[in-house]
Amino acid sequence: MTPPAPAAPAGPPRAGQRGACRYGWTDEAETAFTAHRAAGLVPARVARAHRGGCDVVLGGRHSPTVPGDDNGGYGFGGDEQIRAVVPPNLAGSPPSTGDWVALRPAAGGTAATIAHVLPRRSALVRAAASGRSDPQVLAANVDLVAIVVAADVPPDLGRVERLLALGWESGGTPLIVLTKADAPGHDPAGAPSPRTATRHDEIAAVAPGVDVLVTSAVTGAGLDALAGTLAGATAVLVGASGAGKSTLANALLGADLLAVGAVRHTDGKGRHTTVSRELVALPTGGVLIDTPGLRAVGLWDAEDGLGHVFAEIDALADDCRFADCGHVSEPGCAVLAAVDAGHLPARRLDSYHKLLREQEWMAARSDARLRAERERRWKEISRAQRRLYEGRGGGRR
Ligand SMILES: Nc1nc2c(ncn2[C@@H]2O[C@H](COP(=O)(O)OP(=O)(O)O)[C@@H](O)[C@H]2O)c(=O)[nH]1
Ligand SMILES: [Mg+2]
Ligand SMILES: [Zn+2]
């Protein structure tokens, strides 16, 4: 395999991307943006979200050479980032990496400001940490959710299943990237080592219907195929810290733009060097969002996602005696029979039960939260009505 191609110089869109945006702005998006254009706003994509602000890149059509393009006078179309203010009263969910926003350009000493977050076509969402039941958008408008797993340590299959559930649920397509295929025993001529081949099979077994790509940032193996898969798409890299996400992103970029962590020799774990979620355009086309390793990835509304992840269990369940079989101890359970016969690993069924319980618990919690919110709103309305009566001289009732 050849090492990755060097990065194209930043700046004008490359051939084949002319008139379009390196960050994925489309004609349909432009049409939907008409009213915002008329209001003097320009499209931009969130590269990094901070407290109170965002770094954004400009979308839209642009020509770096023709003045007066449609970028609100900014007149450039490269990789330049603008710091934009997120006003505290911005309606809806706060902007996340990958979001498209309507930006009010800086003028007369006022900083560029985000006026609207545009509707998302997909979003990778997790339950936020520490027992709260609010969802957190990890990446917006993603086509591919690339789950990055290192081939040099035993994989945490439960974690892969959990990320797959979120990936399917995002509205994008999950993909698994097995990194570090150069680990000891590899064949420099290209054949994966027996260990990498074993890892591949282990992971493919828990990811029905999902592509597993094998890569090495050291030898360049698999990078062309990965770049081909990512071209024209927005992909988010997720996975444990130290899995090689940032290294992979840098290899695809052909430049060391993203911070890479040295792996601690004691436990093989990477330090959390990637501190925020960052969006970059690839020279080979497509957009990549790098993320820090997440300690906790709680499921959020992942019921359908789980059905995809455990597709073979769903298929087996068709033959259970009871239509509502829980595959725990029911007579005539085809899933338990498959475990007994050695066709389905017991770990896989345990993981299915565990994630399903978590999903049901989360769904019940968010139902309770919705109920509480409805009650609170109802109280507010009746209080407002009372005030209205009082104001009309109706007196205290
Ligand atoms: N041998 C080898 N090491 C790699 C490869 N990719 C990443 N690494 C190393 O793994 C460690 C963690 O990489 P990093 O990209 O920071 O992981 P991240 O936390 O997932 O972003 C670094 O020391 C990298 O040099 C690879 O393909 N082969
Ligand atoms: Mg990283
Ligand atoms: Zn059953």
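Residues numbered from 1 in each chain as written. Chains lettered and ligands numbered in written order. Predicted model: local features only at pLDDT ≥ 70, side-chain atom pairs only at ≥ 80, totals over all residues. Heavy atoms only, no water.

Visitor: I tried to follow the overall build of the chain on my own but got confused; where do I start?
Guide: Within the chain, the regular secondary structure consists of 10 helices and 13 strands. Looking at the chain residue by residue over its 397 residues, the buried ones come to 44%. In the chain, 66% of the contacts between residues at least 6 apart in sequence involve partners at least 24 apart. When the accessible surface of the chain is split by element, carbon and sulfur atoms take 55% of a total near 19,800 Å². (Helix = DSSP H or I, 4+ residues; strand = E, 2+ residues; numbered from the N terminus. Buried < 20%, exposed > 50% of the residue type's maximum accessible area, 1.4 Å probe, protein only. Contact = heavy atoms within 4.5 Å. Areas by Shrake-Rupley, 256 points an atom, 1.4 Å probe, with all protein chains shown as cover.)

Visitor: Even after reading the chapter, I still don't get the UniProt feature "binding site: Zn(2+)" (unreviewed entry) in the chain, so can you show me in this structure?
Guide: Taking the numbering used here, the UniProt-annotated feature "binding site: Zn(2+)" (unreviewed entry) corresponds to C320, C325, H327 and C333. Since its relative accessible area comes to 10%, C325 is described here as buried. Ignoring sequence-local partners within four residues, the contact set of C325 consists of C320, E330 and C333. By secondary structure assignment, the location of H327 is in the loop between α8 (311–317) and α9 (334–340). (UniProt positions renumbered as here; feature names shortened; annotations may be inferred.)

Visitor: Whenever I open this one, the environment of P155 confuses me. Can you help?
Guide: One can find P155 in the loop between β8 (144–150) and α3 (157–169). On a C-alpha basis, the gap between P155 and E202 in space is 8.4 Å, while along the polypeptide they are 47 residues apart. Beyond its immediate stretch of four places on either side in the chain, P155 contacts V149, R199, E202 and I203.

Visitor: Help me understand the pattern of salt bridges, please; the structure alone is not making it clear to me.
Guide: Pairing is possible between side chains that carry opposite charge, provided their charged atoms lie close to one another. Counted according to the given criterion, the structure contains 11 salt bridges. E161 is the partner of R347 in a salt bridge, and the nearest nitrogen-oxygen pair spans 2.8 Å. You can see R347 sitting in helix α10 (residues 346–391) and its partner E161 sitting in helix α3, a full 186 residues away along the chain. Assessed through its relative accessible area of 32%, R347 is described here as partly exposed. Exposure remark for E161: the relative accessible area of 0% places this residue in the buried category. The salt bridge partner of R348 is E161, with a shortest N-O separation of 2.7 Å. Pair noted here: R348 is in helix α10 and E161 is in helix α3, with a separation of 187 residues, a long-range link. R348 sits in the buried class, given a relative accessible area of 2%. (Salt bridge = Lys/Arg side-chain N within 4 Å of Asp/Glu carboxyl O.)

Visitor: Which parts of the structure should I look at to understand the packing of helix α5 (residues 223–230) against helix α6 (residues 245–253)?
Guide: Taken N-terminus to C-terminus, the directions of α5 and α6 make an angle of 85 degrees; their axes are 11 Å apart at the nearest point. As far as their axial angle goes, α6 and α5 are roughly perpendicular. Between α5 and α6, the contacting residues are L223, L226, A227 and L230 on the first element and L248, A251 and L252 on the second. Here the contact of α5 with α6 is built from residues that sort into 7 nonpolar, no polar and no charged. (Axes fitted to C-alpha atoms, helices over the stretch in contact; angles between N-to-C directions. Parallel < 35°, antiparallel > 145°, perpendicular 65-115°, else oblique. Nonpolar A, V, L, I, M, F, W, Y, C, P; charged D, E, K, R; others polar.)

Visitor: I keep staring at the coordination of the zinc ion (ligand 3) and nothing clicks. Help me out?
Guide: Metal coordination angles in their ideal form are 109.5 degrees for the four-donor tetrahedron and 90 or 180 degrees for the six-donor octahedron. Of the protein atoms, only C320 (SG), C325 (SG), H327 (ND1) and C333 (SG) coordinate the zinc ion (ligand 3), at distances of 2.1 to 2.4 Å. Given 4 donor atoms and angles of 104 to 115 degrees at the metal, the environment of the zinc ion (ligand 3) is assigned as tetrahedral. Each donor residue of the zinc ion (ligand 3) lies on one chain, and together they are spaced C-x4-C-x1-H-x5-C. For H327, a relative accessible area of 6% translates into the label buried. (Donors = N, O, S within 2.8 Å, 3.2 Å for Na, K, Ca; no water. Tetrahedral: all angles 85-135°; square planar, octahedral: opposite > 155°, others 65-115°.)

Visitor: I would appreciate a short explanation of α3 in the present structure.
Guide: Along an α-helix, residues three or four apart share an orientation, since each turn contains 3.6 residues. In a regular helix each residue adds 1.5 Å, so 13 residues correspond to 18 Å; α3 covers 18 Å between its end C-alpha atoms and thus fits that length. When you tally the buried positions in α3, you get 10 out of 13 residues, the bulk of the element. Listed in full, the buried residues belonging to α3 are L157, R159, V160, E161, R162, L163, L164, A165, L166 and G167. For α3, the capping residue at the N-terminal end is D156, with a side-chain oxygen 3.3 Å from the backbone nitrogen of G158. Directly after α3, the chain includes G171, whose backbone phi takes a positive value near 95 degrees. (Expected span 1.5 Å × (residues − 1). Polar contact = N/O pair within 3.5 Å; in protein donor to acceptor, adjacent residues only side chain to side chain.)

Visitor: Teacher, can you tell me more about empty space enclosed by the protein here?
Guide: Over the atoms rolls a probe the size of a water molecule, and its path tells where empty space is left. Counted according to the given criterion, the structure contains 1 cavity of 30 Å³ or more. A volume near 30 Å³ is recorded for the largest cavity. Within the lining of the largest cavity, the residues separate by chemical class into 5 nonpolar, 3 polar and 1 charged. (1 Å grid on protein atoms, 1.4 Å probe; cavity = no way out; pocket = protein on both sides within 12 Å on 5 of 7 lines; lining within 4 Å. Points joined across faces, edges and corners; volume = space filled by probe spheres on them.)

Visitor: Quick question: what am I supposed to make of the confidence of the model for the chain here?
Guide: Detailed conclusions should not be drawn from predicted coordinates in areas where pLDDT is low. For the chain, mean pLDDT is 82; residues scoring 70 or higher make up 80% of the total. The least confident element of the chain, judged by mean pLDDT, is α10 at 80; the most confident is α9 at 97. Across residues 72–77 the pLDDT falls below 50, and counting only partners more than four positions away or on other chains, this stretch makes 18 contacts in the model. (pLDDT = per-residue confidence, 0-100.)

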